[in-house]
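Listed here are the chains, written in short residue letters.
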Amino acid sequence: MGILPLQFKEGESGQSLGLTGSETFTIERDAKLTVNQTVTVKSSTGKSFQCMTRLDTEPEIAYYTNGGILQYVLRKLIAQTTDYKLHYFPFYGRAEPLRMMLTHAGADWDEAEYTFDQWPKYKESMPNGQMPCL
Ligand SMILES: N[C@@H](CCC(=O)N[C@@H](CS)C(=O)NCC(=O)O)C(=O)O
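Residues numbered from 1 in each chain as written. Predicted model: local features only at pLDDT ≥ 70, side-chain atom pairs only at ≥ 80, totals over all residues.

### What to know about the site of the ligand
Going by this rule: Should the C-beta atom of a residue, placed from the backbone, lie within 6 Å of a molecule or strand, that residue is near it. Here the term charged refers only to Asp, Glu, Lys and Arg, the term nonpolar to Ala, Val, Leu, Ile, Met, Phe, Trp, Tyr, Cys and Pro, and the term polar to all other amino acids, Gly among them.
Taken together, G93, R94, K123, G129, Q130 and M131 make up the full set of residues near the ligand. Residue classes in the shell around the ligand are distributed as one nonpolar, three polar and two charged.

In structure tokens, the structure reads:
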């Protein structure tokens, strides 16, 4: 999940509720998120109050439940393609963030590894003559 934006009820504020900013909060909400839902917030100091979620549109709910817009877009892209082959050398290097993203997004992917000895033979066939290449 991403960050859930909340707005105090009309006429309420952190000051009127006696919040200092050093509390931790527990948010109680329905399992299904809807636009501008009312949630109950309980502070570690024993206060309880209601807020409205500022997920103002259905797409914002989708971004939130996917853990942010980046993950949402990545998952959409991945869903359109069934499998990926990541071409790279057998080490972390520039390919590691791609490995992480593909794995995090639940993509169906595997890897083609090239040793430095093999590389000259394949270089011409890679876009820009370099890797990583998806
Ligand atoms: N601008 C490229 C650079 C890619 C790059 O420098 N790749 C290196 C490996 S990390 C490479 O392919 N070296 C072999 C070569 O250039 O022939 C990127 O950021 O992805």
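### Observations concerning the sheet that holds strand β1 (residues 6-8)
Note the cut-off: Following DSSP output, two strands are said to pair if at least two bridges run between them. Going along the chain from the N terminus, every DSSP run of H or I of four or more residues is numbered as a helix, and every run of E of two or more is numbered as a strand. The axes are straight lines fitted to the C-alpha atoms, using for helices just the contacting stretch, and the angles between their N-to-C directions are given from 0 to 180°.
The strand order across the open sheet formed by four strands is β1-β4-β3-β2, and the pairing between neighbours is antiparallel. Of all strands in the sheet, those with a lone pairing partner are β1 and β2 (25-28), marking the two edges. This sheet shows a mean twist of 40° between the axes of neighbouring strands, independent of strand direction. Pairing geometry for strand β3 (residues 38-43) and strand β4 (residues 48-53), over five bridges, is antiparallel. Following the sheet pairing, T40 is matched in β4 by Q50.

### Quick look at unusual backbone geometry
Where we set the bar: Partly exposed residues are those whose C-beta has more than 12 but fewer than 20 other C-beta atoms within 10 Å; 20 or more makes a residue buried and 12 or fewer makes it exposed, with C-beta atoms placed from the backbone.
Put simply, M131 and P132 share a cis peptide bond, and its omega is 5°. Looking at the secondary structure, you find P132 in the segment after α4 (119-123). A positive phi is found at N36, a non-glycine position, where the angle reads about 50°. Note that N36 resides in the loop between β2 and β3. Since 11 C-beta atoms lie within 10 Å of it, N36 is described here as exposed. The backbone of N128 sits at a positive phi, close to 65°, despite the residue not being glycine. As for its position among the elements, N128 is in the segment after α4.

### A short note on the environment of G93
Checked against the element boundaries, G93 lands in the loop between β5 (84-88) and α3 (96-104). The exposure class of G93 is exposed, given the 11 C-beta atoms found within 10 Å. Along the primary structure G93 and P132 are separated by 39 residues, whereas in three dimensions their C-alpha atoms are 8.9 Å apart.

### Comments concerning the pairing of β3
Of the pairings in the sheet, the one linking β2 to β3 comprises four bridges and is antiparallel in character. Residue pairing across strands places E28 opposite T40, the latter belonging to β3. Connecting β3 to the next strand, β4, in antiparallel fashion are four residues, including G46 with a positive phi near 90°.

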